[in-house]
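These are the residues of each chain, in order.
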Amino acid sequence: MKIAVLGTGYVGLSTGVCLSEIGHHVMCIDIDEQKINKLRQGISPIYEPGLESLLSKNNAAGTLQFTTSHQEGIKNAEIIIIAVGTPQGDDGSADLSFLVQAAKDISPLLKHDAIVVIKSTVPVGTNDLVKSIISSHTNTPFKMVSNPEFLRQGSAIKDTMKADRIIIGAEDSAAALKIKEMYRPLNVPILMTNVRSAEMIKYASNAFLATKISFINEVANLCEAVGANIIDVANGMGKDKRIGEAFLQAGIGYGGSCFPKDVKALLHTAGLHGVNFSLLKETIAINDAQQKLLFTKARIRLNQLKDKKIAMLGLSFKPETDDMREAPSIKIARLLSQEKAKVVAYDPVAKENARRILGDTIEYARSVGEAVENADAVFIVTEWSEFKQLDLSEVTKQMKQPIIFDGRNCFNEDQIRACSKIEYYPVGKPSIVIGLE
Ligand SMILES: NC(=O)c1ccc[n+]([C@@H]2O[C@H](COP(=O)([O-])OP(=O)(O)OC[C@H]3O[C@@H](n4cnc5c(N)ncnc54)[C@H](O)[C@@H]3O)[C@@H](O)[C@H]2O)c1
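Bear in mind that the values here come from a model prediction, so they are computed numbers and not experimental data.

Draft legend 1. Main features of the packing of aromatic side chains. Scanning the entire structure with this criterion turns up 6 aromatic pairs. With a centroid separation of 6.1 Å and 45° between ring planes, the pair formed by Phe247 and Phe259 is classed as tilted. One end of the pair, Phe247, is in the loop between helix H10 (230–238) and helix H11 (259–272); the other, Phe259, is in helix H11, with 12 residues separating them in the sequence. Centroid distance Phe411 to Tyr424: 6.4 Å. Interplanar angle 80°. Geometry classified as edge-to-face. You can see Phe411 sitting in the loop between strand E13 (403–406) and helix H19 (413–417) and its partner Tyr424 sitting in strand E14 (residues 422–425), a full 13 residues away along the chain. Taking relative accessible area as the criterion, Tyr424 reaches 1% and is therefore assigned buried. Here the aromatic cluster, defined as three or more aromatic residues joined through ring pairs, consists of Phe247, Tyr254 and Phe259.

Draft legend 2. Molecular detail of the sheet that holds strand E12 (residues 377–380). Pairing within the open sheet is mixed, and its 7 strands lie in the order E11-E10-E9-E12-E13-E14-E15. In the strand order of this sheet, the two ends are held by strand E11 (363–364) and strand E15 (432–434), each with one partner. Along the sheet, helix H13 (residues 293–302) makes contact with strand E9 (309–313), E12, E13 and E14, crossing E13 at roughly 155°.

Draft legend 3. Local environment of the nonpolar core. Grouped together as the largest cluster of nonpolar side chains are 42 residues, with contacts concentrated most on Met312, Leu315, Leu336 and Phe379. Both domains that meet at this core, namely domain 2 (202–289) and domain 3 (292–434), each give it at least three residues. When near neighbours in sequence (up to four residues on either side) are disregarded, Leu315 contacts Met324, Ala327, Ser329, Ala345, Asp347, Ala350, Lys351, Ala354, Ile362, Tyr364 and Thr382. In terms of nonpolar packing, the next biggest core, distinct from the first, is built from 38 residues, Ala4, Ile82, Ile134 and Met144 among them.

Draft legend 4. Molecular detail of the domain arrangement of the protein. Parsing the protein into structural domains produces domain 1 (2–193), domain 2 (202–289) and domain 3 (292–434). One C-alpha centre belongs to domain 2, the other to domain 3, and the line joining them spans 23 Å. Counting from both sides, the interface comprises 18 residues of domain 2 and, opposite them, 21 residues of domain 3. The junction of domain 2 with domain 3 conceals about 1,500 Å² of combined surface from both sides, 55% of it contributed by carbon and sulfur atoms. In terms of surface lost to domain 3, no three residues of domain 2 exceed Glu224, Ile252 and Gly256, which account for 38% of the buried area on that side. Our count for the domain 2 to domain 3 interface comes out at 2 salt bridges. Seen at the junction of domain 2 and domain 3, the total is 7 residue pairs in polar contact (both at pLDDT 80 or more). Those elements that provide at least two residues to the side of domain 2 that touches domain 3 are helix H9 (195–226), H10 and helix H12 (278–291). The biggest single contributor to the side of domain 2 that touches domain 3 is H9, with 4 residues. Looking at the side of domain 2 that touches domain 3 residue by residue, the class counts come to 9 nonpolar, 7 polar and 2 charged.

Draft legend 5. Spatial organisation of the pattern of salt bridges. A full pass over the atoms with the stated rule returns 22 salt bridges. One salt bridge connects Arg301 with Glu423, and the closest N-O pair in it is separated by 2.5 Å. With Arg301 in helix H13 and Glu423 in strand E14, the pair connects residues that are 122 residues apart, well separated along the chain. The class for Arg301 is partly exposed, based on a relative accessible area of 32%. The class of Glu423 is buried, set by a relative accessible area of 7%. Residue Glu394 is joined to Lys397 by a salt bridge in which the shortest nitrogen-to-oxygen separation is 3.6 Å. With Glu394 and Lys397 both in helix H18 (residues 392–398) and 3 residues apart, the pair spans about one turn of that helix.

Draft legend 6. Expanded view of the sheet that holds strand E2 (residues 25–29). Taken together, 8 strands build an open sheet; the order of strands is E3-E2-E1-E4-E5-E6-E7-E8 and the sheet is mixed. Since the sheet does not close on itself, it has two edges, and those belong to strand E3 (64–67) and strand E8 (190–193), each with one partner. Geometrically, the sheet is characterised by an average inter-axis angle of 25° between neighbouring strands, direction not taken into account. The sheet strands contacting helix H5 (residues 97–106) are strand E1 (2–6), strand E4 (79–82) and strand E5 (114–118), and the helix crosses E4 at an angle near 160°. Those strands touched by helix H6 (residues 126–137) are E5 and strand E6 (142–146), and its axis lies near 160° from that of E6.

Draft legend 7. Examining the site of the ligand more closely. As a structural note, the neighbourhood of the ligand is formed by 27 residues, with Asp30, Lys35, Thr86, Gln153 and Lys261 the closest of them. One of the side-chain N or O atoms of His70 is found 3.0 Å from a nitrogen atom in the ligand. Gln153 is positioned such that a nitrogen or oxygen atom in its side chain is 2.7 Å from a nitrogen atom of the ligand. Protein coverage of the free-state accessible area of the ligand, which is 840 Å², stands at 91%. At the level of elements, helix H1 (10–21) and H5 are the ones that each hand at least two residues to the shell around the ligand. Tallied by class, residues from the shell around the ligand come to 11 nonpolar, 9 polar and 7 charged. Here the shell around the ligand gathers at least three residues from each of two domains, domain 1 (2–193) and domain 2 (202–289).

Rules of the game
- Residues numbered from 1 in each chain as written.
- Predicted model: local features only at pLDDT ≥ 70, side-chain atom pairs only at ≥ 80, totals over all residues.
- Heavy atoms only, no water.
- Phe/Tyr/Trp six-rings, centres within 6.5 Å; stacked < 30°, edge-to-face > 60°.
- Helix = DSSP H or I, 4+ residues; strand = E, 2+ residues; numbered from the N terminus.
- Buried < 20%, exposed > 50% of the residue type's maximum accessible area, 1.4 Å probe, protein only.
- Pairing = 2+ DSSP bridges.
- Contact = heavy atoms within 4.5 Å.
- Axes fitted to C-alpha atoms, helices over the stretch in contact; angles between N-to-C directions.
- Core = buried A, V, L, I, M, F, W, Y, C linked by side-chain atoms within 4.5 Å.
- Domains from an automatic or database assignment.
- Buried area = accessible area lost by both parts, 1.4 Å probe.
- Salt bridge = Lys/Arg side-chain N within 4 Å of Asp/Glu carboxyl O.
- Polar contact = N/O pair within 3.5 Å; in protein donor to acceptor, adjacent residues only side chain to side chain.
- Nonpolar A, V, L, I, M, F, W, Y, C, P; charged D, E, K, R; others polar.
- Near = heavy atom within 4 Å.
- Areas by Shrake-Rupley, 256 points an atom, 1.4 Å probe, with all protein chains shown as cover.

What follows is the structure in C-alpha coordinates.
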(Lines give C-alpha, C1' and ligand atoms only; values in the text may rest on other atoms or scores of the structure.)
Protein backbone atom coordinates (compact mmCIF):
# COMPACT_ATOMS: atom_id res chain seq x y z
CA MET A 1 0.00 0.00 0.00
CA LYS A 2 1.08 3.60 -0.51
CA ILE A 3 1.20 5.28 2.87
CA ALA A 4 2.11 8.78 4.02
CA VAL A 5 3.08 9.45 7.64
CA LEU A 6 2.95 12.99 9.01
CA GLY A 7 5.48 13.63 11.75
CA THR A 8 8.77 11.77 12.13
CA GLY A 9 8.99 11.79 15.92
CA TYR A 10 9.12 8.63 18.03
CA VAL A 11 5.73 7.45 16.82
CA GLY A 12 5.70 8.58 13.20
CA LEU A 13 9.22 7.42 12.46
CA SER A 14 8.82 4.03 14.16
CA THR A 15 5.51 3.51 12.36
CA GLY A 16 6.90 4.55 8.99
CA VAL A 17 9.98 2.36 9.34
CA CYS A 18 7.98 -0.69 10.44
CA LEU A 19 5.32 -0.29 7.73
CA SER A 20 8.03 -0.15 5.07
CA GLU A 21 9.70 -3.19 6.65
CA ILE A 22 6.48 -5.21 6.21
CA GLY A 23 6.23 -4.34 2.54
CA HIS A 24 4.48 -1.00 2.16
CA HIS A 25 5.70 2.08 0.32
CA VAL A 26 6.00 4.79 2.94
CA MET A 27 6.57 8.50 2.54
CA CYS A 28 7.40 10.23 5.82
CA ILE A 29 6.70 13.96 5.99
CA ASP A 30 7.98 16.41 8.57
CA ILE A 31 8.15 20.19 8.73
CA ASP A 32 11.55 19.96 10.44
CA GLU A 33 14.08 20.23 7.61
CA GLN A 34 17.03 19.18 9.78
CA LYS A 35 15.28 15.94 10.74
CA ILE A 36 14.39 15.15 7.16
CA ASN A 37 17.94 15.82 5.95
CA LYS A 38 19.32 13.40 8.54
CA LEU A 39 16.68 10.80 7.75
CA ARG A 40 17.45 10.97 4.02
CA GLN A 41 21.02 10.00 4.89
CA GLY A 42 19.75 7.03 6.90
CA ILE A 43 20.56 8.74 10.22
CA SER A 44 17.99 8.58 13.01
CA PRO A 45 17.44 11.92 14.79
CA ILE A 46 16.39 10.00 17.94
CA TYR A 47 18.06 7.29 19.98
CA GLU A 48 15.89 4.20 19.65
CA PRO A 49 17.36 0.66 19.65
CA GLY A 50 17.07 -1.12 16.28
CA LEU A 51 15.57 1.88 14.49
CA GLU A 52 18.54 3.09 12.49
CA SER A 53 19.36 -0.25 10.85
CA LEU A 54 15.77 -0.71 9.60
CA LEU A 55 15.68 2.94 8.57
CA SER A 56 18.79 2.75 6.41
CA LYS A 57 17.84 -0.65 4.98
CA ASN A 58 14.39 0.45 3.77
CA ASN A 59 15.62 3.88 2.79
CA ALA A 60 18.26 2.27 0.56
CA ALA A 61 15.61 -0.08 -0.88
CA GLY A 62 13.53 2.97 -1.84
CA THR A 63 10.42 1.82 0.09
CA LEU A 64 10.91 4.44 2.80
CA GLN A 65 11.29 8.04 1.70
CA PHE A 66 11.39 11.38 3.43
CA THR A 67 10.19 14.82 2.45
CA THR A 68 9.31 18.21 3.88
CA SER A 69 6.76 18.69 1.10
CA HIS A 70 3.18 17.76 1.96
CA GLN A 71 2.39 17.99 -1.74
CA GLU A 72 5.01 15.39 -2.64
CA GLY A 73 4.23 13.17 0.35
CA ILE A 74 0.43 13.06 0.14
CA LYS A 75 -0.27 13.05 -3.60
CA ASN A 76 -0.26 9.26 -4.16
CA ALA A 77 -1.11 8.11 -0.63
CA GLU A 78 -4.07 5.78 -0.09
CA ILE A 79 -3.57 6.07 3.66
CA ILE A 80 -2.35 9.16 5.54
CA ILE A 81 -1.25 8.53 9.11
CA ILE A 82 -1.06 11.61 11.32
CA ALA A 83 1.49 11.23 14.12
CA VAL A 84 2.26 14.84 15.04
CA GLY A 85 2.75 15.94 18.63
CA THR A 86 -0.17 16.72 20.96
CA PRO A 87 1.66 18.39 23.86
CA GLN A 88 0.12 19.65 27.06
CA GLY A 89 -1.69 22.95 26.80
CA ASP A 90 -1.55 25.61 29.54
CA ASP A 91 -4.78 24.38 31.15
CA GLY A 92 -3.79 20.70 31.13
CA SER A 93 -5.77 19.94 27.98
CA ALA A 94 -4.11 18.48 24.90
CA ASP A 95 -2.78 21.19 22.60
CA LEU A 96 -4.16 20.22 19.20
CA SER A 97 -2.57 23.03 17.20
CA PHE A 98 -0.08 20.75 15.36
CA LEU A 99 -2.89 18.36 14.55
CA VAL A 100 -5.21 21.08 13.30
CA GLN A 101 -2.41 22.45 11.12
CA ALA A 102 -1.64 18.96 9.80
CA ALA A 103 -5.33 18.52 8.89
CA LYS A 104 -5.25 21.81 6.99
CA ASP A 105 -1.95 20.86 5.30
CA ILE A 106 -3.31 17.60 3.88
CA SER A 107 -6.88 18.70 3.02
CA PRO A 108 -6.30 20.08 -0.49
CA LEU A 109 -3.94 17.23 -1.39
CA LEU A 110 -6.05 14.18 -0.58
CA LYS A 111 -6.54 11.49 -3.20
CA HIS A 112 -10.12 10.33 -3.86
CA ASP A 113 -11.27 8.02 -1.01
CA ALA A 114 -8.02 8.37 0.95
CA ILE A 115 -8.12 7.19 4.56
CA VAL A 116 -6.90 9.65 7.18
CA VAL A 117 -5.67 7.82 10.26
CA ILE A 118 -5.09 9.65 13.54
CA LYS A 119 -2.32 7.94 15.46
CA SER A 120 -1.49 10.91 17.70
CA THR A 121 -2.99 10.68 21.19
CA VAL A 122 -6.09 12.86 21.01
CA PRO A 123 -9.03 13.57 23.32
CA VAL A 124 -12.39 12.00 22.61
CA GLY A 125 -14.09 13.90 19.81
CA THR A 126 -10.89 14.96 18.03
CA ASN A 127 -11.38 12.61 15.07
CA ASP A 128 -14.73 14.31 14.48
CA LEU A 129 -13.05 17.71 14.74
CA VAL A 130 -10.37 16.77 12.20
CA LYS A 131 -13.02 15.34 9.91
CA SER A 132 -14.89 18.63 9.94
CA ILE A 133 -11.70 20.65 9.36
CA ILE A 134 -10.73 18.55 6.35
CA SER A 135 -14.30 18.59 5.00
CA SER A 136 -14.36 22.37 5.17
CA HIS A 137 -11.21 22.54 3.01
CA THR A 138 -11.98 19.96 0.33
CA ASN A 139 -14.79 18.30 -1.59
CA THR A 140 -12.76 15.13 -2.16
CA PRO A 141 -14.35 12.16 -0.35
CA PHE A 142 -12.19 10.63 2.40
CA LYS A 143 -12.60 8.37 5.45
CA MET A 144 -11.38 8.75 9.04
CA VAL A 145 -9.88 6.05 11.27
CA SER A 146 -8.67 6.37 14.85
CA ASN A 147 -5.63 4.17 15.47
CA PRO A 148 -3.92 5.19 18.72
CA GLU A 149 -0.34 4.12 19.38
CA PHE A 150 0.94 2.22 22.42
CA LEU A 151 4.67 1.88 21.74
CA ARG A 152 7.14 2.59 24.50
CA GLN A 153 10.20 4.71 23.86
CA GLY A 154 13.29 2.56 24.23
CA SER A 155 11.56 -0.42 22.62
CA ALA A 156 9.55 1.37 19.93
CA ILE A 157 10.47 -0.97 17.05
CA LYS A 158 9.88 -4.13 19.04
CA ASP A 159 6.60 -2.75 20.37
CA THR A 160 5.41 -1.83 16.88
CA MET A 161 6.39 -5.15 15.30
CA LYS A 162 5.07 -7.23 18.21
CA ALA A 163 2.34 -5.07 19.72
CA ASP A 164 -0.03 -6.50 22.34
CA ARG A 165 -2.93 -5.19 20.29
CA ILE A 166 -3.84 -2.77 17.54
CA ILE A 167 -6.93 -0.62 18.03
CA ILE A 168 -8.89 0.45 14.97
CA GLY A 169 -11.75 2.86 15.61
CA ALA A 170 -13.89 3.66 12.59
CA GLU A 171 -17.45 4.37 11.50
CA ASP A 172 -16.77 3.13 7.97
CA SER A 173 -16.21 -0.62 7.90
CA ALA A 174 -14.40 -0.63 4.53
CA ALA A 175 -11.87 1.89 5.87
CA ALA A 176 -11.44 -0.15 9.06
CA LEU A 177 -10.83 -3.31 7.02
CA LYS A 178 -8.25 -1.58 4.86
CA ILE A 179 -6.28 -0.48 7.93
CA LYS A 180 -6.60 -4.01 9.32
CA GLU A 181 -5.15 -5.28 6.02
CA MET A 182 -2.30 -2.76 6.25
CA TYR A 183 -1.26 -4.29 9.58
CA ARG A 184 -1.95 -7.93 8.61
CA PRO A 185 1.74 -8.93 8.14
CA LEU A 186 2.40 -8.02 11.78
CA ASN A 187 0.07 -10.80 12.93
CA VAL A 188 -1.00 -8.84 16.01
CA PRO A 189 -4.45 -9.06 17.67
CA ILE A 190 -6.69 -6.33 16.26
CA LEU A 191 -9.62 -4.82 18.09
CA MET A 192 -12.27 -2.92 16.11
CA THR A 193 -14.22 -0.26 17.99
CA ASN A 194 -16.06 2.93 17.31
CA VAL A 195 -13.98 6.10 17.00
CA ARG A 196 -14.67 7.51 20.46
CA SER A 197 -13.89 4.22 22.20
CA ALA A 198 -10.56 4.02 20.35
CA GLU A 199 -9.70 7.55 21.48
CA MET A 200 -10.67 6.69 25.05
CA ILE A 201 -8.76 3.37 25.13
CA LYS A 202 -5.48 5.23 24.69
CA TYR A 203 -6.07 7.71 27.53
CA ALA A 204 -7.58 5.14 29.87
CA SER A 205 -4.59 2.83 29.29
CA ASN A 206 -2.00 5.50 30.04
CA ALA A 207 -3.92 6.85 33.02
CA PHE A 208 -4.23 3.32 34.42
CA LEU A 209 -0.50 2.64 34.06
CA ALA A 210 0.39 5.99 35.63
CA THR A 211 -1.99 5.24 38.50
CA LYS A 212 -0.39 1.81 38.96
CA ILE A 213 3.00 3.54 39.28
CA SER A 214 1.71 6.09 41.78
CA PHE A 215 0.01 3.29 43.73
CA ILE A 216 3.17 1.21 44.08
CA ASN A 217 5.19 4.31 44.95
CA GLU A 218 2.80 5.15 47.76
CA VAL A 219 3.00 1.53 48.98
CA ALA A 220 6.82 1.89 48.85
CA ASN A 221 6.66 4.98 51.04
CA LEU A 222 4.54 3.04 53.50
CA CYS A 223 6.98 0.10 53.35
CA GLU A 224 9.78 2.46 54.42
CA ALA A 225 7.68 3.66 57.34
CA VAL A 226 6.75 0.18 58.57
CA GLY A 227 9.97 -1.72 57.76
CA ALA A 228 8.62 -3.81 54.85
CA ASN A 229 10.49 -4.36 51.59
CA ILE A 230 8.77 -3.12 48.41
CA ILE A 231 10.64 -5.60 46.19
CA ASP A 232 9.12 -8.53 48.09
CA VAL A 233 5.76 -6.79 48.38
CA ALA A 234 5.58 -6.03 44.64
CA ASN A 235 6.72 -9.54 43.82
CA GLY A 236 4.05 -11.01 46.05
CA MET A 237 1.39 -8.76 44.56
CA GLY A 238 2.48 -9.21 40.95
CA LYS A 239 2.22 -12.99 41.07
CA ASP A 240 -1.54 -12.49 41.30
CA LYS A 241 -2.62 -12.61 37.66
CA ARG A 242 -5.37 -10.10 38.37
CA ILE A 243 -2.66 -7.58 39.31
CA GLY A 244 0.27 -8.56 37.04
CA GLU A 245 3.97 -7.88 37.53
CA ALA A 246 4.41 -4.99 35.10
CA PHE A 247 4.53 -1.41 36.37
CA LEU A 248 5.07 -2.43 40.00
CA GLN A 249 8.64 -1.13 40.21
CA ALA A 250 8.75 1.53 42.89
CA GLY A 251 10.93 4.51 42.11
CA ILE A 252 10.95 8.26 41.73
CA GLY A 253 7.87 8.57 39.59
CA TYR A 254 6.86 8.54 35.98
CA GLY A 255 7.93 11.12 33.41
CA GLY A 256 8.29 11.23 29.65
CA SER A 257 6.32 12.65 26.79
CA CYS A 258 3.11 10.72 27.45
CA PHE A 259 2.01 9.81 30.99
CA PRO A 260 2.22 13.30 32.54
CA LYS A 261 0.33 15.03 29.74
CA ASP A 262 -2.12 12.21 29.06
CA VAL A 263 -3.22 11.90 32.68
CA LYS A 264 -3.78 15.66 32.80
CA ALA A 265 -5.63 15.66 29.48
CA LEU A 266 -7.97 12.88 30.63
CA LEU A 267 -8.63 14.76 33.84
CA HIS A 268 -9.38 17.83 31.75
CA THR A 269 -11.81 15.88 29.55
CA ALA A 270 -13.50 14.49 32.67
CA GLY A 271 -13.89 18.03 34.02
CA LEU A 272 -15.42 19.24 30.76
CA HIS A 273 -18.06 16.52 31.09
CA GLY A 274 -18.76 17.10 34.79
CA VAL A 275 -17.03 13.89 35.92
CA ASN A 276 -14.94 14.27 39.08
CA PHE A 277 -12.11 11.85 38.32
CA SER A 278 -10.42 12.53 41.67
CA LEU A 279 -8.29 9.37 41.47
CA LEU A 280 -6.28 11.00 38.69
CA LYS A 281 -5.69 14.10 40.82
CA GLU A 282 -4.05 11.85 43.42
CA THR A 283 -2.04 10.01 40.76
CA ILE A 284 -0.57 13.36 39.71
CA ALA A 285 0.01 14.64 43.26
CA ILE A 286 1.76 11.43 44.35
CA ASN A 287 3.97 11.56 41.28
CA ASP A 288 4.93 15.18 41.88
CA ALA A 289 5.99 14.37 45.44
CA GLN A 290 7.78 11.17 44.39
CA GLN A 291 9.95 13.02 41.88
CA LYS A 292 11.29 15.07 44.81
CA LEU A 293 12.03 12.02 46.98
CA LEU A 294 15.81 11.82 46.52
CA PHE A 295 16.17 15.54 47.07
CA THR A 296 14.06 15.38 50.26
CA LYS A 297 16.05 12.42 51.60
CA ALA A 298 19.38 14.07 50.75
CA ARG A 299 18.43 17.28 52.49
CA ILE A 300 17.55 15.38 55.65
CA ARG A 301 20.76 13.29 55.53
CA LEU A 302 23.21 16.02 54.48
CA ASN A 303 21.57 18.81 56.42
CA GLN A 304 22.35 21.48 53.89
CA LEU A 305 23.24 20.98 50.26
CA LYS A 306 25.11 24.21 49.54
CA ASP A 307 28.46 23.47 47.84
CA LYS A 308 27.90 19.72 48.16
CA LYS A 309 28.82 17.77 45.04
CA ILE A 310 25.90 15.61 43.97
CA ALA A 311 26.54 13.10 41.18
CA MET A 312 23.35 12.43 39.21
CA LEU A 313 23.48 9.14 37.34
CA GLY A 314 20.91 9.29 34.57
CA LEU A 315 19.06 12.19 32.96
CA SER A 316 16.62 10.65 30.45
CA PHE A 317 13.16 9.87 31.77
CA LYS A 318 13.87 6.17 31.39
CA PRO A 319 16.65 3.94 30.05
CA GLU A 320 17.24 3.33 26.33
CA THR A 321 16.04 6.75 25.27
CA ASP A 322 17.54 10.21 24.99
CA ASP A 323 14.14 11.82 25.58
CA MET A 324 14.17 14.38 28.39
CA ARG A 325 10.51 15.43 28.25
CA GLU A 326 9.15 15.63 31.82
CA ALA A 327 12.12 13.60 33.11
CA PRO A 328 12.32 13.54 36.94
CA SER A 329 15.98 14.55 36.54
CA ILE A 330 14.86 18.06 35.52
CA LYS A 331 12.96 18.67 38.75
CA ILE A 332 15.75 17.12 40.86
CA ALA A 333 18.49 19.16 39.15
CA ARG A 334 16.52 22.39 39.60
CA LEU A 335 15.85 21.72 43.30
CA LEU A 336 19.52 20.94 43.89
CA SER A 337 20.64 24.04 41.99
CA GLN A 338 18.26 26.21 44.02
CA GLU A 339 20.03 24.96 47.15
CA LYS A 340 23.35 25.81 45.48
CA ALA A 341 24.55 22.23 45.35
CA LYS A 342 27.11 21.43 42.67
CA VAL A 343 25.40 18.94 40.35
CA VAL A 344 27.49 16.78 38.03
CA ALA A 345 25.39 14.50 35.85
CA TYR A 346 26.19 11.59 33.60
CA ASP A 347 23.86 9.92 31.11
CA PRO A 348 24.92 7.52 28.35
CA VAL A 349 22.86 9.29 25.64
CA ALA A 350 20.73 12.19 26.93
CA LYS A 351 23.44 14.77 27.64
CA GLU A 352 22.76 17.03 24.65
CA ASN A 353 18.98 17.00 25.11
CA ALA A 354 19.46 17.69 28.83
CA ARG A 355 21.76 20.59 28.08
CA ARG A 356 19.01 22.22 26.00
CA ILE A 357 16.75 22.21 29.07
CA LEU A 358 19.12 22.62 32.01
CA GLY A 359 21.85 24.63 30.26
CA ASP A 360 24.89 25.27 32.43
CA THR A 361 22.97 25.09 35.72
CA ILE A 362 24.60 21.68 36.09
CA GLU A 363 27.84 20.10 34.84
CA TYR A 364 27.88 17.17 32.42
CA ALA A 365 30.37 14.37 33.02
CA ARG A 366 31.69 12.06 30.30
CA SER A 367 31.64 8.97 32.50
CA VAL A 368 30.30 7.62 35.76
CA GLY A 369 33.83 7.89 37.18
CA GLU A 370 34.06 11.59 36.38
CA ALA A 371 30.62 12.24 37.91
CA VAL A 372 31.17 10.40 41.20
CA GLU A 373 34.77 11.54 41.80
CA ASN A 374 34.86 13.29 45.17
CA ALA A 375 31.03 13.45 45.35
CA ASP A 376 29.22 13.96 48.65
CA ALA A 377 26.36 11.81 47.39
CA VAL A 378 25.21 9.92 44.33
CA PHE A 379 21.62 10.07 43.07
CA ILE A 380 20.62 7.20 40.80
CA VAL A 381 17.90 8.74 38.68
CA THR A 382 17.58 6.48 35.60
CA GLU A 383 18.06 2.70 35.67
CA TRP A 384 20.44 2.39 32.71
CA SER A 385 21.98 -1.11 32.67
CA GLU A 386 25.41 0.58 32.77
CA PHE A 387 24.54 1.76 36.28
CA LYS A 388 23.06 -1.56 37.40
CA GLN A 389 26.36 -3.21 36.52
CA LEU A 390 28.47 -0.80 38.56
CA ASP A 391 30.74 -2.18 41.24
CA LEU A 392 29.52 -0.15 44.21
CA SER A 393 32.67 -0.79 46.23
CA GLU A 394 34.69 0.92 43.45
CA VAL A 395 32.18 3.77 43.12
CA THR A 396 32.08 4.48 46.85
CA LYS A 397 35.89 4.52 47.05
CA GLN A 398 35.96 7.42 44.57
CA MET A 399 33.46 9.46 46.57
CA LYS A 400 34.14 11.95 49.34
CA GLN A 401 31.38 10.33 51.39
CA PRO A 402 29.97 6.93 50.27
CA ILE A 403 26.32 8.01 50.30
CA ILE A 404 24.02 6.66 47.61
CA PHE A 405 20.37 7.58 47.08
CA ASP A 406 19.05 5.00 44.64
CA GLY A 407 15.82 6.21 43.06
CA ARG A 408 15.42 3.08 40.94
CA ASN A 409 16.40 0.27 43.31
CA CYS A 410 19.22 -0.85 41.01
CA PHE A 411 21.12 -2.95 43.56
CA ASN A 412 20.40 -5.96 45.74
CA GLU A 413 21.54 -6.45 49.30
CA ASP A 414 24.53 -8.65 48.38
CA GLN A 415 25.94 -5.98 46.08
CA ILE A 416 25.67 -3.39 48.82
CA ARG A 417 27.06 -5.65 51.52
CA ALA A 418 30.16 -6.20 49.35
CA CYS A 419 31.18 -2.61 50.16
CA SER A 420 33.37 -1.93 53.19
CA LYS A 421 31.85 1.53 53.65
CA ILE A 422 28.48 2.67 52.31
CA GLU A 423 25.25 4.43 53.18
CA TYR A 424 22.62 3.20 50.78
CA TYR A 425 19.13 4.70 50.62
CA PRO A 426 16.76 2.87 48.23
CA VAL A 427 13.03 3.43 47.65
CA GLY A 428 10.64 1.36 49.78
CA LYS A 429 13.33 -0.81 51.32
CA PRO A 430 15.32 -0.52 54.53
CA SER A 431 18.43 1.61 54.12
CA ILE A 432 21.82 -0.05 54.70
CA VAL A 433 24.75 1.53 56.49
CA ILE A 434 28.11 -0.25 56.59
CA GLY A 435 31.45 0.80 58.09
CA LEU A 436 30.33 4.19 59.37
CA GLU A 437 29.57 5.38 62.89
N1 LIG B 1 6.49 9.18 22.29
C2 LIG B 1 5.79 8.12 22.68
O3 LIG B 1 6.28 7.22 23.36
C4 LIG B 1 4.34 7.99 22.27
C5 LIG B 1 3.70 6.75 22.43
C6 LIG B 1 2.36 6.65 22.03
C7 LIG B 1 1.69 7.75 21.54
N8 LIG B 1 2.34 8.94 21.42
C9 LIG B 1 1.61 10.08 20.86
O10 LIG B 1 1.98 10.19 19.49
C11 LIG B 1 2.03 11.57 19.08
C12 LIG B 1 3.42 11.91 18.57
O13 LIG B 1 4.35 11.74 19.62
P14 LIG B 1 5.93 11.80 19.37
O15 LIG B 1 6.58 11.55 20.67
O16 LIG B 1 6.27 10.95 18.20
O17 LIG B 1 6.06 13.35 18.95
P18 LIG B 1 7.34 14.18 18.56
O19 LIG B 1 7.19 15.51 19.14
O20 LIG B 1 8.60 13.38 18.84
O21 LIG B 1 7.24 14.30 16.95
C22 LIG B 1 6.23 14.99 16.30
C23 LIG B 1 6.76 15.40 14.91
O24 LIG B 1 5.69 15.97 14.15
C25 LIG B 1 6.25 16.99 13.32
N26 LIG B 1 5.18 17.85 12.84
C27 LIG B 1 4.47 18.80 13.51
N28 LIG B 1 3.54 19.36 12.69
C29 LIG B 1 3.65 18.77 11.48
C30 LIG B 1 2.98 18.90 10.23
N31 LIG B 1 1.97 19.78 10.06
N32 LIG B 1 3.37 18.13 9.20
C33 LIG B 1 4.38 17.22 9.34
N34 LIG B 1 5.04 17.05 10.50
C35 LIG B 1 4.70 17.80 11.56
C36 LIG B 1 7.25 17.66 14.24
O37 LIG B 1 8.19 18.42 13.53
C38 LIG B 1 7.86 16.45 14.96
O39 LIG B 1 9.00 15.97 14.27
C40 LIG B 1 1.60 12.36 20.32
O41 LIG B 1 0.23 12.56 20.27
C42 LIG B 1 1.94 11.42 21.47
O43 LIG B 1 1.15 11.66 22.61
C44 LIG B 1 3.64 9.08 21.77
